[in-house]
Amino acid sequence: MQHGIFSKTPVSFWRKRVSEQFHHATLSSKVTRYSTKTESGIYHEWAREQGVQFDKVEQKDFGDMRGMVALSDIQGGEIFINLPRSAALVVDPLEKCPCSDFVEPGYYKMCPWYVKMAILLLFEQSKGSSSRIYGYIEQLPESIDTPVRWNEKELDELQNPGFKRSIMKQKEDWSKLYQEFQKNSKGTIKTYEEFLWALENVRSRSFSGPYAGSPIKDRVTMALLLAAGGAGYAAFSHIPLESLLNAGISVACFNLLYDLVLSSRLKWYAMCPIIDSLNHSGVVNSVIEYEYFKDTFVVSTDTAYTKGGQIFISYGEKTNEQLLQYYGFILDDNPHDACNLGANIGGNDVVLSIKSNGQLSKETMTRLEADTSIRSNLSGKFSDAVNDALIDTIQRELQQKKSSLSDDQRLLNSKGMIKSQRLATAIKFRVSQKELLEKGLRLAEKRKIK
């Protein structure tokens, strides 16, 4: 029985399979430090000592990024990584503060999940080689160059004021989170750089999924203790065996129903060694699941891989803004990319979300069609008004950019003109945005001609 599919967060985790599926919160372009072949070997040795099974894959550098390579053919749907829960770093929504000698328990309880995970990561790091996840921590990137580290001039190169405001808000929020962490820390206080390192790794590498409850081994232990205690009490008090069994069954049913209710309302989060070395693709269907009775996370994809090929998973349907803000990279031809623009239709201020195919999203059209105030103020056809607003909004947005798409493309292809990796990333981002907008404009103008 599998419990919960996770997704990579911010985010699918156990792109959760009872099985829970989880979603991934991983990082493709990791900077300032990459594992050497020797370091990867040490990391692999540590992982195997923790019971992680990954005989068909290994960590490898692909140019300036680290990923996982297939050591032999992997079939679609085949599980190729098994990770015991004990080898992961987990935030349990019902667990009491597991590091009360590191931070104040009351503070920990009130923290959002990603701060809790950052605290646990820093706590384990403070233990040095005695940490149960020491081998994992040692190979984490020393820094991840997400835009939260960029200055305002560098953020201006994105040519996206809304995105810049979001990142500036993130800077402010994370600074406040650190101040609270400082106030509630015990012993040696970590620096802001260390806190930032933990948050970036957590936000780029964590998975999330529906809460599975306590591990099966814990429940078995508790059941045995209850059974032994109940049998002793029954013998002493001369209680009929069938009464004892009925009580036991009632308790078991209550616990099962309780967990089912919890799993629909609560999430848990995990940083999963080996698994989080898999890079992201926007065209791959993958599943990271928690198998409840084995107390293990497993990974599979619908895609088959041949020996020597890099293996990818999906972190979810993320736009390039989301990928850049929390993971530090963007995708060319991202099928899940989008651009949100403010517009006015019939005197109503609205947001138009343009998808990677140049069309307005279904959610945008549903919202516009349901807004009766828009239709009541229109003299012509609703669809024509929306299309005209889309043309006007895209044209205005492109005119406000400091450079054209062709300018940026020439700059990317000019050797020696780009002086920093951050500038290169910013230009790639704005190229992807302008390509999306121009595609949307061409389609809208074709519709107008018809």
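Look a little higher up for the structure.
In this numbering scheme, every chain counts its residues from 1 along its sequence in written order. Per-residue local features are limited, in this predicted model, to residues with pLDDT of at least 70; the limit for side-chain atom pairs, both in listing and counting, is 80 or more; totals at the level of whole chains, interfaces and linings are taken over all residues. For side-chain calculations, the full set of non-hydrogen atoms in the structure is used, while hydrogens and water are omitted.

## Focus: the overall build of the protein
Turning to step 1, where the next piece is worked out: A helix here means a DSSP run of H or I that spans at least four residues, while a strand means a run of E at least two residues long, and both kinds are numbered starting from the N terminus. Each helix and strand in the protein was counted, giving 15 helices and 15 strands.
Turning to step 2, where the next piece is worked out: Within the protein, the fraction of its 450 residues that count as buried is 50%.
Turning to step 3, where the next piece is worked out: Each accessible area is a Shrake-Rupley result for a 1.4 Å probe, and residues are judged covered by the shown protein chains and nothing else. Per element, the accessible surface of the protein, about 21900 Å² overall, is 53% carbon and sulfur. Only protein chains enter the accessibility calculation, which uses a 1.4 Å probe; a residue whose area is less than 20% of its type maximum is buried, one above 50% is exposed, and one in between is partly exposed.

## Examining the side chain of Arg-205
Turning to step 1, where the next piece is worked out: Positionally, Arg-205 belongs in helix α7 (residues 192–205).
Turning to step 2, where the next piece is worked out: In this structure the side chain of Arg-205 is engaged in a polar contact, spanning 3.1 Å, whose partner is the side chain of Asp-276. Counted as a polar contact is a pair of N or O atoms within 3.5 Å, where, for protein atoms, one must be capable of donating a hydrogen and the other of accepting one, and residues adjacent in sequence contribute only when both atoms are in side chains.

## What about the state of the cysteines?
Turning to step 1, where the next piece is worked out: For the purposes of this analysis, a disulfide is any pair of cysteine sulfur atoms at a distance within 2.5 Å. What the rule picks out here adds up to zero disulfides.
Turning to step 2, where the next piece is worked out: Here Cys-97 stays unpaired: no disulfide links it, and the sulfur of Cys-99, its closest cysteine neighbor, is 4.0 Å away.
Turning to step 3, where the next piece is worked out: For Cys-97, a relative accessible area of 16% gives the class buried.

## Concerning the sheet that holds strand β5 (residues 65–70)
Turning to step 1, where the next piece is worked out: The pairing criterion is simple: DSSP has to find at least two bridges between the two strands. Taken in spatial order, the four strands make up an open sheet running β4-β5-β13-β10, and their pairing is mixed. The open sheet has two edge strands with one neighbour each: β4 (57–62) and β10 (279–280).

## Let's talk about the side chain of Asp-337
Turning to step 1, where the next piece is worked out: Relative to the helices and strands, Asp-337 resides in the loop between α10 (320–327) and β14 (338–345).
Turning to step 2, where the next piece is worked out: Think of it this way: Lys and Arg go in the positive column, Asp and Glu in the negative one, and His and the chain ends go nowhere. Any Lys or Arg side-chain nitrogen found within 4 Å of a carboxyl oxygen on Asp or Glu counts as a salt bridge. Lys-355 is the oppositely charged side chain nearest to the buried, salt-bridge-free Asp-337, at an N-O distance of 8.1 Å.
Turning to step 3, where the next piece is worked out: Looking at Asp-337, its side chain comes within polar contact range of the main-chain nitrogen of Asn-320, at 3.0 Å.
Turning to step 4, where the next piece is worked out: Note on contacts: a residue pair is in contact if any heavy atoms of the two residues lie within 4.5 Å. Ignoring anything within four residues of it in the chain, the contact list for Asp-337 reads Thr-319, Asn-320, Ile-354, Lys-355, Ser-356, Ser-432, Gln-433 and Leu-436.

## A word on the packing of helix α3 (residues 113–126) against α7
Turning to step 1, where the next piece is worked out: To get an axis, a line is fitted to the C-alpha atoms, and for a helix only the part in contact is used. The angle between two axes follows their N-to-C directions and goes from 0 to 180 degrees. Orientation of α3 relative to α7, taken along the N-to-C sense of each, is 120°, at an axis distance of 9 Å. It follows that α3 is oblique to α7 by the angle criterion. Judged by the sense of rotation from one axis to the other, the crossing of α3 with α7 is right-handed. Of the residues in α7, those touching α3 at Trp-113, Tyr-114, Val-115, Met-117, Ala-118, Leu-121, Leu-122 and Gln-125 are Glu-194, Phe-195, Trp-197, Ala-198, Leu-199, Asn-201, Val-202 and Arg-203.
Turning to step 2, where the next piece is worked out: Here the contact of α3 with α7 is composed, by residue class, of 12 nonpolar, two polar and two charged. Note on angle classes: values under 35 degrees are labelled roughly parallel, values over 145 roughly antiparallel, values of 65 to 115 roughly perpendicular, and the remainder oblique. In this scheme the crossing of two helices becomes right-handed for a clockwise turn of the near helix relative to the far one and left-handed for an anticlockwise turn of less than a right angle. In the scheme used here, Gly and all other residues not listed as nonpolar or charged are polar, with Ala, Val, Leu, Ile, Met, Phe, Trp, Tyr, Cys and Pro taken as nonpolar and Asp, Glu, Lys and Arg as charged.

## Some points on the packing of aromatic side chains
Turning to step 1, where the next piece is worked out: Paired rings are identified among Phe, Tyr and Trp, the last through its six-membered ring, by centres lying within 6.5 Å, and are further divided according to the angle between planes into stacked (under 30 degrees), edge-to-face (over 60) and tilted (the rest). Going through the model one piece at a time under the given rule, you end up with 18 aromatic pairs.
Turning to step 2, where the next piece is worked out: Seen from their ring centres, Trp-113 and Tyr-269 are 4.2 Å apart, and the 5° between their planes marks the pair as stacked. Placement of Trp-113 in helix α3 and of Tyr-269 in strand β9 (residues 267–271) is noted, with a sequence separation of 156 residues between them. Here the two residues Trp-113 and Tyr-269 agree in accessibility, since each one is buried.
Turning to step 3, where the next piece is worked out: Between the aromatic rings of Trp-268 and Phe-297, the centroid separation amounts to 5.9 Å while the plane-to-plane angle is 40°, which identifies the pairing as tilted.

## Details of the pairing of strand β11 (residues 286–291)
Turning to step 1, where the next piece is worked out: Burial analysis of β11 places six of its six residues in the buried class, which makes it a mostly covered element.
Turning to step 2, where the next piece is worked out: As judged from the six bridges shared by β11 and strand β12 (residues 296–301), these two strands associate in the antiparallel manner. Looking at the pairing, Glu-291 lines up with Thr-296 of β12.
Turning to step 3, where the next piece is worked out: Hairpin connection between β11 and β12: a loop of four residues separates the two successive antiparallel strands, and Asp-295 in this loop has a positive phi of roughly 55°.

## Overview of the pattern of salt bridges
Turning to step 1, where the next piece is worked out: In this structure the tally under the stated criterion is 21 salt bridges.
Turning to step 2, where the next piece is worked out: Taking the shortest distance from any N to any O, the salt bridge between Arg-422 and Glu-154 comes out at 3.0 Å. Residue Arg-422 is located in helix α15 (residues 421–449), and its partner Glu-154 is located in helix α5 (residues 152–156); the two are separated by 268 residues in the primary sequence.
Turning to step 3, where the next piece is worked out: Judged by relative accessible area, which is 22%, Glu-154 ranks as partly exposed.
Turning to step 4, where the next piece is worked out: The partner of Lys-176 in a salt bridge is Glu-172, and the shortest N-O contact between them spans 3.2 Å.

## Some words on the nonpolar core
Turning to step 1, where the next piece is worked out: To define a nonpolar core, start from buried Ala, Val, Leu, Ile, Met, Phe, Trp, Tyr and Cys residues and group those joined through side-chain atoms within 4.5 Å. With 75 residues, the main nonpolar core has Ile-81, Val-103, Ile-119, Leu-121, Phe-181, Ile-275 and Phe-297 as its most contacted residues.
Turning to step 2, where the next piece is worked out: Once residues within four sequence positions are removed from consideration, Ile-81 is found in contact with Val-52, Gln-53, Phe-54, Val-57, Ile-274, Ile-275, Leu-278, Phe-297, Val-298 and Val-299.
Turning to step 3, where the next piece is worked out: Grouped together as the second largest cluster of nonpolar side chains are 22 residues, Ala-343, Leu-368, Ile-374 and Leu-390 included.

## So, the environment of Ser-383
Turning to step 1, where the next piece is worked out: Mapped onto the fold, Ser-383 is located in helix α13 (residues 382–400).
Turning to step 2, where the next piece is worked out: C-alpha separation for the pair Ser-383 and Met-365, spaced 18 residues apart in sequence, amounts to 9.7 Å.

## Focus: unusual backbone geometry
Turning to step 1, where the next piece is worked out: Residues other than glycine seldom take positive phi values, yet Gln-159 does so here, at roughly 55°.
Turning to step 2, where the next piece is worked out: Looking at where Gln-159 falls in the secondary structure, it is placed in the loop between α5 and α6 (161–184).
Turning to step 3, where the next piece is worked out: A positive phi angle, close to 70°, is found at Ile-274, a residue other than glycine.
Turning to step 4, where the next piece is worked out: Locating Ile-274 in the fold gives a position in the loop between β9 and β10.

## A word on the pairing of β12
Turning to step 1, where the next piece is worked out: Burial of β12 is extensive: six of the six residues sit out of reach of the surface.
Turning to step 2, where the next piece is worked out: With burial as the criterion, each face of β12 is covered, one bearing Thr-296, Val-298 and Ser-300 and the other bearing Phe-297, Val-299 and Thr-301.

## Regarding the packing of α6 against α7
Turning to step 1, where the next piece is worked out: One way to put it is that α6 packs onto α7 with a least axis distance of 10 Å and a crossing angle of 120°. As α6 packs across α7, the resulting crossing turns out to be right-handed. Listed contacts from α7 to Trp-174, Ser-175, Leu-177, Tyr-178 and Phe-181 of α6 are Tyr-192, Phe-195, Leu-196, Leu-199, Glu-200 and Arg-203.
Turning to step 2, where the next piece is worked out: In the contact of α6 with α7, the residues fall into eight nonpolar, one polar and two charged.

## Overview of a positive patch on the surface
Turning to step 1, where the next piece is worked out: Residues forming no salt bridge and having over 30% relative accessible area are the ones grouped into patches, like charges within 9 Å of each other and nonpolar side chains (Val, Leu, Ile, Met, Phe, Trp, Tyr) within 5 Å. Here the site of a charge means atom NZ of a Lys, CZ of an Arg, CG of an Asp or CD of a Glu. A contiguous patch of positive charge, built from Lys-439, Arg-442, Lys-446 and Lys-450, is present on the exposed surface.
Turning to step 2, where the next piece is worked out: Structurally, Lys-450 is set in the segment after α15.
Turning to step 3, where the next piece is worked out: The exposure class assigned to Lys-450 is exposed, which follows from its relative accessible area of 88%.

Everything listed here is a matter of coordinates, which is why it stays silent on function.
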